[in-house]
Amino acid sequence: MIERLDESLIELVKRERPELFALFFLDDAGTPPGEMVTKSGTTIIAAKYGEGVIMAGDRRASSGYLIADSRAEKIHAVDRFTVIGAAGTSKICQGMAKIFRAELEFYEKIRNREMSFDAKVNRLAYLTSLNLRGLRVGMYAMPIMAGFDNEKKEGRIFKFDVIGSPTEERKYSSIGSGTISTTGSLPMLYPDEPSEVTKEELICRILKALKQVVATDMGSGIAPEKGIWPSLKIIDKNGVKDVSEEELKVAWDTLAREGE
């Protein structure tokens, strides 16, 4: 039962049915359930362009030295103007996205308006901090959030650490096991200002960065020759839209012609 109109969905579920809270995968002793398969490994990139922001993710999920899933979906739309991705334990990352989506829907139904972008940042920071006890056994989720801020009329990117502290990025950001590779490649692929970059140019740059990452990071993977493309979502004033396979093929062919 809702006691206050300003109560969030997270607070309501924690109070009424704490056993259903999706991020609490650990028992009271802090031990992960025996049947839980711990999948991890990822590369997620978010970058701005003139009209908004694009978030991309590779498709591989690993379990130790094994490929547990070659078509994992790591980019999640949580409302009409916001997407998140997360690095860490796959199960927790997926649970975080589901809870955050429900939290935003709950807010809209109760308040009859969309949550502000800054408020979304604060709620995701709080949600991330709730999984602190998972750190003791190496099970965690570190999210990155990108979206279109309808008040500021621009795309925005926030990166969070394992305790939920957010940092806003001016041009681009990445998280996951492939971050070491993107740290070196993204500055070279992005020497100009976001306002000078078109959507098509940014798609090509992101694919080029992912191509370099999967060549060096065993935890990240795409395979266009097998039809396994990375996931890319565009967020602008019109909302969230998936980049189609046809658009990805055009960008990939452009890189091939340029010898990239």
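Summary of the structure given here.

Rules used throughout
Each chain has its residues counted from 1, following the order in which its sequence is written. Owing to the predicted nature of the model, reporting of local features is limited to residues with pLDDT of at least 70; listing and counting of side-chain atom pairs is limited to 80 or more, with chain, interface and lining totals taken over all residues. Note that water and hydrogens are dropped before the side-chain values are worked out from all heavy atoms of the structure. Put simply, a salt bridge is a Lys or Arg side-chain nitrogen that is within 4 Å of an Asp or Glu carboxyl oxygen. Comment: elements are numbered from the N terminus, with helices defined as DSSP H or I runs of at least four residues and strands as E runs of at least two. Accessible area is worked out with a 1.4 Å probe on protein chains only. A residue is then buried under 20% of its type maximum, exposed over 50%, and partly exposed in between. By this definition, two strands are paired if DSSP reports at least two bridges between them. Interaxial angle, 0 to 180 degrees, is taken between N-to-C directions of lines fitted to C-alpha atoms, where a helix line uses only the stretch in contact. Note on contacts: a residue pair qualifies if any of its non-hydrogen atoms lie within 4.5 Å across the two residues. When two rings of Phe, Tyr or Trp (its six-membered ring) have centres within 6.5 Å they constitute a pair, described as stacked for plane angles under 30 degrees, edge-to-face for angles over 60, and tilted for the intermediate range. Charge-over-ring placement is defined geometrically: NZ (Lys) or CZ (Arg) within 6 Å of the ring centre, and within 35 degrees of the ring normal. Note that the arc is computed from the directions linking the helix axis to the C-beta atoms.

Here the focus is the pattern of salt bridges. Under the defined criterion, the tally for this structure stands at 13 salt bridges. Of the charged contacts in the structure, one is a salt bridge between arginine 156 and aspartate 118, with a shortest N-O distance of 3.0 Å. Note that arginine 156 is positioned in strand 8 (residues 154–160) and aspartate 118 in helix 3 (residues 117–129), a separation of 38 residues in sequence. By relative accessible area, aspartate 118 is classed as partly exposed at 39%. Because the salt bridges share partners, they merge into one network encompassing Asp118, Asp149, Arg156 and Glu168.

Turning our eyes to something else, we now look at the sheet that holds strand 1 (residues 43–49). The sheet built from 5 strands is open, its strands ordered 10-1-2-11-12 with antiparallel pairing. Since the sheet does not close on itself, it has two edges, and those belong to strand 10 (172–176) and strand 12 (239–242), each with one partner. Neighbour-to-neighbour, the strand axes of the sheet open up by a mean angle of 15°, direction not taken into account. As paired elements, strand 1 and strand 10 share 5 bridges and run antiparallel to each other. Residue isoleucine 45 lies in a different strand from strand 10, and its bridge partner there is serine 174. The strands that helix 4 (residues 179–189) touches are strand 1 and strand 10; relative to strand 10, the one it contacts most, it runs at about 165°.

So, on to the pairing of strand 5 (residues 75–79). Extensive coverage of strand 5 is indicated by the burial of 4 of its 5 residues. Across 4 bridges, the pairing between strand 5 and strand 6 (residues 82–88) is antiparallel. The partner of aspartate 79 across the bridge, within strand 6, is threonine 82. In sequence, strand 5 turns back onto strand 6 through a hairpin of 2 residues.

Each aromatic ring pair is described using two quantities: the centre-to-centre distance and the angle formed by the ring planes. Counted under the stated rule, the structure contains 3 aromatic pairs. Judged by centre distance (5.9 Å) and plane angle (90°), the rings of tryptophan 229 and tryptophan 252 are edge-to-face. Note that tryptophan 229 is positioned in the loop between helix 5 (199–214) and strand 11 (231–236) and tryptophan 252 in helix 6 (residues 245–257), a separation of 23 residues in sequence. Taking NZ or CZ as reference, arginine 205 lies 5.7 Å from the ring centre of tyrosine 190, over its face. If you follow lysine 211 out to its NZ or CZ, it ends over the ring of tryptophan 252, 5.3 Å from the centre.

Moving on, we come to helix 4. For helix 4, the set of buried residues is Thr179, Thr182, Ser185, Leu186 and Leu189. Projection of helix 4 onto a plane perpendicular to its axis shows the buried side chains occupying an angular sector of 130°, all on one side. In this structure, helix 4 carries Ile180, Thr183 and Met188 as exposed residues pointing more than 90 degrees from its buried face. For helix 4, the elements touching its buried residues are strand 1, strand 10 and helix 5.

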